[in-house]
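Coordinates in review
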Amino acid sequence: MDLDSLFKLLGQGVLAMPALLISVLGVTTLLQRPLGERTISRWTSACVSLGLLSACGVLALMLSTGRRQVPIELGHWVNLPTEHFHFHLKFVFDRLSVPFVILTFVLVGTIGAFANRYLHREPGYRRFFFLYALFLLGMVLASLAGTIESLFFGWELVGLSSALLVAYFHERPAPVVNGFRIWAIYRIADAAFLLGAVALHHVTGGGEFSGLMGVDPWPQGVAAVTEMQALAVGLLLLVAAAGKSGLVPFTGWLPRAMEGPTPSSAVFYGALSVHLGAFLLLRVSPLLKASPWLAAAVVALGLATAVFGALAGRAQSDVKSALAFASATQVGIITAEIGLGLRYIALIHIIGHACLRTLQLLRAPTLLKDYHAMEDAIGGRLQPVEPVASGGPGTPRGLWLYRFALSRGGFDALIDRLVVHPFVALFRVCNSLERRWTTWLCGEEVGRPRMSTEVGGAEVPASASVRTEDAA
Amino acid sequence: MRELHLPWLELAVVIPFLGSLWVRLFRNPDLVRRNALLASGLALLCAIGAWRDFVLLHTFEAHDHWDVLEFLTDADLLVIDELSAPLIPLGALVYFLTMLSTLRTKVKRFSFARALVAESLLLATFACRQPWAICVLMTLKTLPPYLELRQRRESTRVYRVHMALFIGLLLAGQAFVAWEGSAGQHSTATVLILASAMLIRSGVAPLHCWMTDLFERASFGTALMFVTPMVGAYGAMRLVLPIAPDWVLQMISVASIFTALYAACMALVQTEVRRFFAYIFLSHSSLVLAGLESATSSGLTGALCVWLSVGLAMGGFGLTLRAIESRTGPLSLREFHGLYEHTPMLAVFFLLTGLAAIGFPGTIGFVALEILVEGAVDVTSLAGVAIVVATALNGLAVLWAYFRIFTGTRHQTSVDLSIRPAERFAVLVLTLLILGGGLLPQPGVASRHHAAMHLVSSRTQSGLHVDEVGSDHEAETDDDSPSEVNSDNDRDLQTQSDRDDATDNQSTDTD
């Protein structure tokens, strides 16, 4: 077996393992042959371990042969030559994707082992692991994507699984409302991403990153576009990254995401999902070199997020929210580093931050127990830590900052006031007008409930009558 | 014209019609259901047979073997071509699955005989290319819902007014087309009249209220079977596209994109499940006509792909809502219902079909939407942006409805609400098609691309549209007569088609 075949075999192994896991869990559920907890756990361990081994194998081969970029071509998924439309299945192992995919397997594997015990005998155990597998597949596809369409594919899978896992405890309304809120932010990010992908197609004639950034391995690529084109495509992708990574003004979804079970909070919003926006910016970083204005926008957004996260995190009263804003702070700094062109530092920062935050979030549920253990050991109460803020909450500036931090910058309220409420009000008026129009057209009295004579021949309001027969 | 190996089309049309007469002989509702299912199932098999046979013939169009209708009327009334080949089985599938998933407790209230007549009319419409015959069939197709509304003693006025307007414009437009003759271009007024008819039938805003009204007043199954096959879009492709200048198509496209956006926004503020479905369906179905733009092959390919994906996905979405409603009664979206624990499979299927409709990766809608957006951006970037925004809003609406219906609380009931075997079969079939089409999209996309090329070619031959190929030819052969140019275009089309086939084979080999 020659070297290229070995690379291809291992590369396909990295991609196939998450796909196998989702297939097994999905098909058995669909056929109503659900697997037991132990079987799910074994499948998960096996697929993640084999995927990780394959990724490590690729890394070892790359290091031993000195190759810095290994493309894995799987052919055209869709090809319309006369329309110049093709969906190329190309994945790339390089200095960006390999660390990220190994990080993904390590953290997801750790969380899988943790969740197996944490969610033991939970009614939603299978649902959790199905979404977990969907997330893993999305992360691996996004990490290794050699075309913007493949990256979008993985990006969407990550988004859906994240939103549904926030709503994991779905018998209560609060997680569901928060899950929907996150989905709404993700849809904005997805729309911007899709438009960015289409713009990229039009600028370069295809969706391959090599067409945009040249054939040089990451991070030495040079953008083959003009400054204005780089700015236009880059701004769209920056909006997408801001939505996914919880940058200002979308930071509000990060603490909401903590409604999910601790394992998913740890791996998604503390470690991997929250860094996917930063990963996207790293992947298209040659665009930042091509447009100083774009780089400046990235730095500004990153710094604004870092400052806001640091402020808001200090006013949180629960540990998971405080950790969420701490994540936002670090992601903001990482984004600023990317904007400044410090790509390797940003990559190392991502890896370090993801590991630390995963550990912190996994330890969060046992924090109270730790406190009690320490208090038992010293035989008294632990001294509370005094705030070190210089302004102090007593001064007007301090009070304003405190209110600002406590209300999480008011970003969610601002979005509600400026976008959601006017939108709902406008279309409720349209709905009302339509109803009046159809009622008038029917010759019925406006405002009078529509009458039905279907229940026992007696005339009752249609809305009150149980019209299950309508469903026929 | 080449012949199919069997009279598939005639059988697909006649079997449900005869079935409708046959089931009227029974009084036992269960026997009616079984016989209706048999007739609809046979029609579906014939439709699939016609499609398969057509694909194996490698031709643009074909008609039945032993064509009795041709013998009687001396005209090729029933023909299968690139455009209609997948639509015929799709329509038959929607009808079959709707009848199959009708619970036994509801069979007394669902008119299987009327549904079979409607199926026969639908399949005849899709298998017909004669303009007058299409007009007559589309007119007749409006009758079954009207009769049901009458039978239920519901007000028919909204439906009647809109359909009367549609039929009036349709017949008037076609009469003008016939009067002006087939040679040369048609007057603007004629084209606009026909286009308006199709826009009304497709439910373009602000003439869409008949659709929400129908869903509120008719049974869910009847409304679903009437709108899901998107007969208005078919009429537009057959009657308007061959005669309309580019600016009329752009007008249709703009109106459809506006409808897609407006309906997506309206879906988000609905508080009743049926109105919600009507709007979200309207938003998606409008995207099919949005792909007309300037009748470029890329835009049309996207539109035809979206047609199939929306037909399957929204059909499944509607069937899920119908199944839920048949268990719980009318659902309000104002509060949470928490049905997941009782009907997990329906919940998953609801999400899957909703996501497929919005073009989620891995489902049949993903590539379709990508091609549609690409085609739209080729014409104007604003259209592409509008389509993406509409899709994003629809994505919000799908998950919002999912959360409202299946989560948020614990649903207390002593009745078994779990999925029934017939429903499970419907769910599995549609899941297979949605995921299969999503994971292996090339055959479907290539087939839709051939159909789009054929539609563009027919417009080029009429002198209505000059595509890039046509432009090149005009530049090279200024002195050529139109017929020579057309024959050149035909040859190009054939060559491109062969090239695509070769590429398909190559990619299959690579796989």
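Above this text is the structure in question.
Structural notes, computed from the coordinates. (Residues numbered from 1 in each chain as written. Chains lettered and ligands numbered in written order. Predicted model: local features only at pLDDT ≥ 70, side-chain atom pairs only at ≥ 80, totals over all residues. Heavy atoms only, no water.)

Describing the overall build of chain A
What counts is decided by this rule: A run of H or I in DSSP becomes a helix once it reaches four residues, and a run of E becomes a strand once it reaches two; helices and strands are each numbered from the N terminus. When we talk radius of gyration, it's over C-alpha atoms, and the globule rule is simply 2.2 Å times the number of residues to the 0.38. Categorising residues by exposure relies on relative accessible area from a 1.4 Å probe, with only protein chains included: less than 20% of the type maximum marks a residue as buried, more than 50% marks it as exposed, and the intermediate range marks it as partly exposed. Working rule for contacts: check all heavy atoms of both residues, and any pair within 4.5 Å makes them a contact. With residues, only the protein chains shown are counted as cover, and all accessible areas are computed by Shrake-Rupley using a 1.4 Å probe.
Regarding its fold elements, chain A presents 18 helices and four strands. Taken over C-alpha atoms, the radius of gyration comes to 25 Å for chain A, in line with the 23 Å a tight globule of 472 residues would show. Dimensions of chain A, computed from C-alpha atoms along their principal axes, come out at roughly 85 × 75 × 55 Å. Going through the 472 residues of chain A one by one, you find that 54% of them count as buried. Across chain A, the fraction of contacts at a sequence separation of at least 24, relative to all contacts at a separation of at least 6, is 73%. Summed over its atoms, the accessible surface of chain A is roughly 19900 Å², and 65% of this surface lies on carbon and sulfur atoms.

Concerning the overall build of chain B
Each helix and strand counted, chain B has 22 helices and three strands in total. Within chain B, residue pairs in contact and separated by at least 24 positions form 80% of the contacts whose partners lie at least 6 positions apart.

What about the nonpolar core?
Applicable threshold: Among the buried residues, those of types Ala, Val, Leu, Ile, Met, Phe, Trp, Tyr and Cys that are joined through side-chain atoms within 4.5 Å form a nonpolar core.
Membership of the largest hydrophobic core comes to 327 residues, with the highest contact counts inside it found for Tyr269 and Leu287 of chain A together with Phe277, Trp307, Tyr402 and Ile405 of chain B. With 17 residues, helix α18 (residues 381-406) of chain B is the single largest residue contributor to this core. Beyond its immediate chain neighbours, meaning those up to four positions away, Phe277 of chain B contacts Phe215, Phe220, Leu224, Met314, Phe317, Gly318 and Leu321 of chain B. Counting five residues, the second-largest nonpolar core is a separate cluster that includes Val248, Phe308, Ala312 and Phe325 of chain A.

Some points on the interface of chain B and chain A
The cut-off we apply is this: Defined in terms of a 1.4 Å probe, buried area is the accessible area two parts forfeit on being brought together, summed over both. One side-chain nitrogen of Lys or Arg within 4 Å of one carboxyl oxygen of Asp or Glu is enough to make a salt bridge. Polar contact criterion, stated in full: a pair of N or O atoms within 3.5 Å, where within protein one must be able to donate a hydrogen and the other to accept it, and residues adjacent in sequence count only if both atoms are side-chain atoms. For this scheme, ten residues count as nonpolar: Ala, Val, Leu, Ile, Met, Phe, Trp, Tyr, Cys and Pro. Four count as charged, namely Asp, Glu, Lys and Arg, and the remainder, Gly too, count as polar.
Contacts between chain B and chain A engage 87 residues on the former and 60 residues on the latter. Across the interface of chain B and chain A, roughly 6700 Å² is buried in total on both sides, 66% from carbon and sulfur atoms. The tally of links from chain B across to chain A stands at three salt bridges. A salt bridge links Glu216 of chain B to Arg435 of chain A, with the shortest nitrogen-to-oxygen separation between them at 3.1 Å. For the pair chain B and chain A, the interface holds 20 residue pairs in polar contact (both at pLDDT 80 or more). The leading source of residues in the side of chain B that touches chain A is α18 of chain B, at eleven residues. In the side of chain B that touches chain A, the residues fall into 39 nonpolar, 26 polar and 22 charged.

Focus: the environment of Thr190 of chain B
All names here are of chain B. Mapping Thr190 onto the fold places it in helix α9 (residues 188-202). Taking relative accessible area as the criterion, Thr190 reaches 1% and is therefore assigned buried. Residue contacts for Thr190: discarding those within four places in its chain leaves Gly173, Phe176, Val177 and Glu180.

As for a nonpolar patch on the surface
Residue and element names in this part refer to chain A. So the rule is basically this: Patch membership needs two things, relative accessible area over 30% and no salt bridge, and members are linked within 9 Å if like-charged or within 5 Å if nonpolar (Val, Leu, Ile, Met, Phe, Trp, Tyr).
A cluster of nonpolar side chains, namely Leu414, Leu418, Val419 and Val420, defines an oily patch on the protein surface of about 340 Å² accessible area. Following the sequence through the fold, Leu414 ends up in helix α18 (residues 411-442). With a relative accessible area of 38%, Leu414 lands in the partly exposed category.

Regarding the environment of Gly11 of chain A
Residue and element names in this part refer to chain A. Structurally, Gly11 can be placed in helix α1 (residues 3-30). Counting along the chain gives 81 residues from Gly11 to Val92, while the straight-line C-alpha distance between them is 8.9 Å. Contact partners of Gly11, with chain neighbours within four places excluded, come to Val58, Ile72 and Phe93.

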